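Residue-level listing of the chains:
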Amino acid sequence: MIGPMSSGVVRPVGATYRLQLGPSFTFDDAARRVPYLADLGVTHLYLSPVLEAVRGSTHGYDVTDPTTVRAELGGRRGLERLADTAHVDGLGLVIDIVPNHLGVRRPEQNPWWWDVLRSGRKSAYAHYFDIDWDPRNGAGGKLALPVLGSEADAAAIAVDRTGPEPVLRYHDHVFPIGRDVGGGDAERIHFAQPYRLVPWDSGVRAYRRFFTVDDLAAVRVEDPEVFAATHSEIGSWFADGIADGLRVDHPDGLADPVDYLRRLRELTGPDAWIVVEKILEPREPLEPTLPVAGTTGYDALRELGHALLDPAGEAGLGAVHERWTGDDGGDAALQAARIDIADGFARGDLAPELRRLARAALRESTPKSLAGPPPQALIEAAIVRWAQDTPFYRDDYPVLAETAARLRADVRTHAQECERDEPGSADAFDLLAEARDQGAETAARFPQFTGALTAKTVEDTLFYRTARLTSLQEVGGAPSDFGPSDPHPALARRAAEWPAAMTTLSTHDTKRGEDVRARIGVLSQCPSDWSPVVDRWMLLRPSLLDPVTGLFLLQTAFGVWPEDGSITDELRTRLHGYAEKAMREGRIGTSWTSPDGAFEAAGHAFLDALFDGAALTDLVAELAPHGRSDALAQKLLQLAGPGVPDVYQGTERWDDSLVDPDNRRPVDWGAADDGHPKQRLVRAALRLRRERAGSFFGGSYAPVLATGPAAEHLLGFHRGPSDGPPDVAALVTRRSLRLDRAGGWRDTRVDLGDGEWTDRLTGHVVAGPTPLAELFLEHPVALLVRE
């Protein structure tokens, strides 16, 4: 076996290919795909988390031992074999890491968590986790574990002494016995432990979680000892030449993401490529002082999607939505819904975090009244209001200081307005603001709370409660935001400010795959075609199914409907699985915690009616070609545009995936086809990036404009070395449906500049003013180089 690279050698990252690893796709399986991926043109394999996780995990984000490479994937030696294989073909590795939390669903598989359960606060690992040991935590100061089906289920807890150590067993869950008071009295032994098993719906949680996921317990990487322990294996990947870069999962969940990323940079060295899963809201900048290459690309996904939409369709789609739901899906209705949803989450699913934050604020502030501090309930109300109005995951990055100050003043004004009806409201806000200013626990927990609240409110709920144009309802996007009419400023800004940031169109977390979004986006060009289809089929939805959910499912079905109208059993199964998740996430008539069988049956019946009635076949037959046109267009814009593009596994061909777990299905590697239009485009663009790296990585960016009656339908740009003239041009058709209906390109032309330009997709050579009808004769996109 070829040994690891020498320390300090890092391969520049030019383009990545995301691989979802798991028991059914290991390091050795990935190694077998290296020749294909090298031929495709990427420079790096981008691996999902590789550290030891809950056995059988299909995603790896539930890490149980961060000091060890996962055995089910092949262990450390398997990772080294994969790196060696990749290096032979000139590829490197980028690896996903999870600093925010560890998986605790199976305590016996997590040695640190097991020890904390056994020894409580005396455990050497007690400070590794963000645990609330306060006597007011709802469990008498013990570590509450929400696993019981009900309070009465405590009777099902039993003592098991058949193994190497005695344990408490609750069905298939096991927990250590740290203090064995003897005998077989399970209730007495349970009471003697540092932890307390509580009902899952009790609202008691004694540890910070990843959002509201009880199986993922937060880790205190802000502690230098914890950072060292959780990152020793990660550091060795760079010392031993295994990895060239990292993707950092959810840094906004950390107590101090800026400090964490500085320490991570020191660990990996100055040349490692680090990108962060930082969700930027529209018009939110990335903190420029972060020692990273940029984000993982949800902001790019939003910008590329906007580039192809037709803003003229906003009003028509809004009218359809309002006719059936009572609102047009615009800002006012969505903001009202966001506030309502956020209030419910803050006082419900996130209530433990809210109470803990309020207690911290009370400890870290000085009462403004001789009567003492305001009641904790008012402190909690101030937290909720401030968090509801925070438009970002967190507002404490330096670049947001001015925005955060305005927000603070607005919330303070609201608190003063509430003073008459709720005396003490202004004092409660002032107390909270003072505590945040102290820079201690409140300052750390408040942005952790707002991030979780934003994610649960917007991405996991609101995005399933509106359906004007669902292609907009993606992480980092906004259902009411059709984007700017001119995408060039955003692309030019990326080229200038974050040229090495990742760009993406599909991830393991996207709500729908890139090609599904592309087809749905075509509806922005033809709301008048969509309206009668909606009116016909919404009349047939079961009465139990609310209009929003019906419209949402109808638009989803349009996004994945086969062009020939052939509905397979597999597609039915996938759509029904998706519908269950969508309905429960939306929380309108059902939810994960309180599923309503009748409501869900109505949703499934509506889907079956669509399938059996061939509801969308005619419309899809007409619009699908334009969806494919947009799919190719956004792919070329991503691959040739500013940033480092990632290709999510399998998306070099047509992909109709929806939200996870649908988008984590095994890839059909045998389906690779050199003649596939999308795969041909991906290969040509990636190989060109590798061939002319200087024209892309840090290269120049300039718009290319057409002249003539259909000039608005061309979206193009030049790329080139920073110290020379442009030598690459990417041209795409946008709003192709409107273009066709207006008579096509007619006498619209484009002039790429001096010299002859060769289209790498067709071999066609052009020079001077060129008719776009001629340039786009074979494909709706062109990738040209000046030879």
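This one's a predicted model, so the numbers in the text were calculated from it and none came from an experiment.

Cut-offs applied
- Residues numbered from 1 in each chain as written.
- Predicted model: local features only at pLDDT ≥ 70, side-chain atom pairs only at ≥ 80, totals over all residues.
- Heavy atoms only, no water.
- Helix = DSSP H or I, 4+ residues; strand = E, 2+ residues; numbered from the N terminus.
- Buried < 20%, exposed > 50% of the residue type's maximum accessible area, 1.4 Å probe, protein only.
- Areas by Shrake-Rupley, 256 points an atom, 1.4 Å probe, with all protein chains shown as cover.
- Polar contact = N/O pair within 3.5 Å; in protein donor to acceptor, adjacent residues only side chain to side chain.
- Contact = heavy atoms within 4.5 Å.
- Salt bridge = Lys/Arg side-chain N within 4 Å of Asp/Glu carboxyl O.
- Core = buried A, V, L, I, M, F, W, Y, C linked by side-chain atoms within 4.5 Å.
- Axes fitted to C-alpha atoms, helices over the stretch in contact; angles between N-to-C directions.
- Parallel < 35°, antiparallel > 145°, perpendicular 65-115°, else oblique.
- Left-handed = near helix turned anticlockwise from the far one by under 90°.
- pLDDT = per-residue confidence, 0-100.
- Pairing = 2+ DSSP bridges.
- Expected span 1.5 Å × (residues − 1).
- Arc of directions from axis to C-beta.
- Phe/Tyr/Trp six-rings, centres within 6.5 Å; stacked < 30°, edge-to-face > 60°.
- Lys NZ or Arg CZ within 6 Å of the ring centre and 35° of its normal.

As for the overall build of the protein chain
Part 1 of the reasoning: Of regular secondary structure, the protein chain possesses 26 helices and 27 strands.
Part 2 of the reasoning: Dimensions of the protein chain, computed from C-alpha atoms along their principal axes, come out at roughly 85 × 65 × 55 Å.
Part 3 of the reasoning: Relative to its full complement of 787 residues, the protein chain shows a buried share of 62%.
Part 4 of the reasoning: Of the accessible surface of the protein chain, which amounts to about 28,400 Å², a share of 52% is contributed by carbon and sulfur atoms.

Here we look at the side chain of D214
Part 1 of the reasoning: Take D214: it is sitting in strand β13 (residues 213-218).
Part 2 of the reasoning: Classification of D214 by relative accessible area gives buried; the value is 19%.
Part 3 of the reasoning: In terms of polar contacts, D214 uses its side chain to reach the side chain of R205, at 2.7 Å.
Part 4 of the reasoning: The contacts of D214, once residues within four sequence positions are left out, are V104, P146, R205, Y207 and R209.

What about the pattern of salt bridges?
Part 1 of the reasoning: Enumeration according to the criterion identifies 76 salt bridges in this entry.
Part 2 of the reasoning: In this structure, the salt-bridge partner of D535 is R323, at a minimum N-O distance of 3.1 Å. A residue pair is termed long-range when its members are at least 10 positions apart, and D535 in helix α18 (residues 527-538) and R323 in helix α9 (residues 314-325) qualify at 212 residues.
Part 3 of the reasoning: Classification of R323 by relative accessible area gives partly exposed; the value is 44%.

Looking at the nonpolar core
Part 1 of the reasoning: Of all hydrophobic cores here, the largest spans 120 residues; its most connected members are L47, W113, F129, L143 and W237.
Part 2 of the reasoning: If we skip the residues at most four places from it in the chain, L143 touches W113, V116, L117, I131, W133, P194, Y195, R196, A206 and Y207.

Some thoughts on the packing of helix α12 (residues 376-389) against helix α13 (residues 401-418)
Part 1 of the reasoning: At their nearest, the axes of α12 and α13 sit 10 Å apart, and the two run at 135° to each other. Put simply, α12 runs oblique to α13. In this structure, α12 crosses over α13, and the sense of that crossing is right-handed. Across the interface between the two elements, R385, W386 and D389 of α12 pack against L407, R408, V411 and H414 of α13.

Section: the confidence of the model for the protein chain
Part 1 of the reasoning: With 99% of its residues at a pLDDT of at least 70, the protein chain reaches an overall mean of 95.
Part 2 of the reasoning: Per-residue pLDDT stays below 50 along residues 1-7; that stretch engages in 14 contacts with residues further than four places along the chain or on separate chains.

Details of the pairing of strand β9 (residues 167-170)
Part 1 of the reasoning: Bridge analysis of strand β8 (residues 158-160) against β9 gives three bridges, and the strand direction is antiparallel. What sits directly across from V159, in β9, is L168.
Part 2 of the reasoning: What sits between the antiparallel neighbours β8 and β9 is a turn of six residues.
Part 3 of the reasoning: Sheet topology places β9 next to strand β10 (residues 173-176); four bridges connect them, and they run antiparallel. The partner of L168 across the bridge, within β10, is F175.
Part 4 of the reasoning: Linkage of β9 to β10, two consecutive antiparallel strands, is achieved through a turn of two residues, within which H171 is found at a positive phi near 55°.

A word on α13
Part 1 of the reasoning: Compared with an ideal rise of 1.5 Å per residue, which puts 18 residues at 26 Å, α13 spans 26 Å between its outermost C-alpha atoms and is within 8% of the ideal.
Part 2 of the reasoning: Along α13, the positions that sit buried rather than exposed are A404, L407, V411, A415 and C418. In a view along the axis of α13, the buried residues occupy a sector of 80°, so they form one face of it. Away from its buried face, by an angle of more than 90 degrees, α13 presents the exposed residues E402, D410 and E417.

Some thoughts on the sheet that holds strand β26 (residues 770-771)
Part 1 of the reasoning: One open sheet accounts for three strands, arranged β20-β23-β26; its pairing is antiparallel. For this open sheet the edge positions go to β20 (706-707) and β26, each flanked by a neighbour on one side alone.
Part 2 of the reasoning: In terms of strand pairing, β20 meets strand β23 (residues 749-750) through two bridges, oriented antiparallel. Counterpart to A706 in the pairing with β23 is V750.

Notes on the sheet that holds β13
Part 1 of the reasoning: Across the sheet, three strands lie side by side as β6-β13-β12; this open sheet has antiparallel pairing. Two strands close off the open sheet at either side, each with one partner strand: β6 (101-103) and β12 (209-210).
Part 2 of the reasoning: The pairing of β6 with β13 spans three bridges and is classified as antiparallel. Note that in β13 the partner of H101 across the bridge is A218.

Observations concerning unusual backbone geometry
Part 1 of the reasoning: The residue after D660, namely P661, is reached through a cis peptide bond having omega 10°.
Part 2 of the reasoning: When you line up the elements, P661 lands in the loop between β18 (644-648) and α23 (677-691).
Part 3 of the reasoning: With a phi close to 55°, H171 is a non-glycine residue in the positive phi region.
Part 4 of the reasoning: Along the chain, H171 falls in the loop between β9 and β10.
Part 5 of the reasoning: The exposure class assigned to H171 is exposed, which follows from its relative accessible area of 55%.
Part 6 of the reasoning: At F211, a position not held by glycine, the phi torsion is positive, near 50°.

Considering the pairing of strand β22 (residues 728-733)
Part 1 of the reasoning: For β22, the tally of buried residues reaches six of six residues, placing the bulk of the element in the interior.
Part 2 of the reasoning: The two faces of β22 match: V728, A730 and V732 on one face and A729, L731 and T733 on the other face are all buried.
Part 3 of the reasoning: Here strand β21 (residues 714-720) pairs with β22 via six bridges, running antiparallel. Following the sheet pairing, F717 is matched in β22 by A730.
Part 4 of the reasoning: Alignment of β22 against strand β27 (residues 781-786), held across five bridges, turns out to be antiparallel. Bridging across to β27, A730 finds its partner in L783.

Some details on the environment of A382
Part 1 of the reasoning: With respect to the helices and strands, A382 occurs in helix α12.
Part 2 of the reasoning: For A382, a relative accessible area of 9% puts it in the buried group.
Part 3 of the reasoning: Each C-alpha atom, one on A382 and one on V766, is 64 Å from the other, the two residues being 384 residues apart in sequence.
Part 4 of the reasoning: If we ignore the near neighbours within four places in the chain, the residues touching A382 are A428, F429 and L432.

A few points about the packing of aromatic side chains
Part 1 of the reasoning: Under the definition given, this model contains 19 aromatic pairs.
Part 2 of the reasoning: Between W112 and Y128, the aromatic rings sit 4.8 Å apart at their centres with planes inclined by 85°, giving edge-to-face as the arrangement. Taken together, the positions of W112 in helix α4 (residues 111-119) and Y128 in the loop between α4 and β7 (143-148) put the pair 16 residues apart, joining distant regions of the chain. One exposure class covers both W112 and Y128, and it is buried.
Part 3 of the reasoning: Looking at R436, its charged tip hangs above the ring of W386, at a distance of 4.9 Å from the centre.

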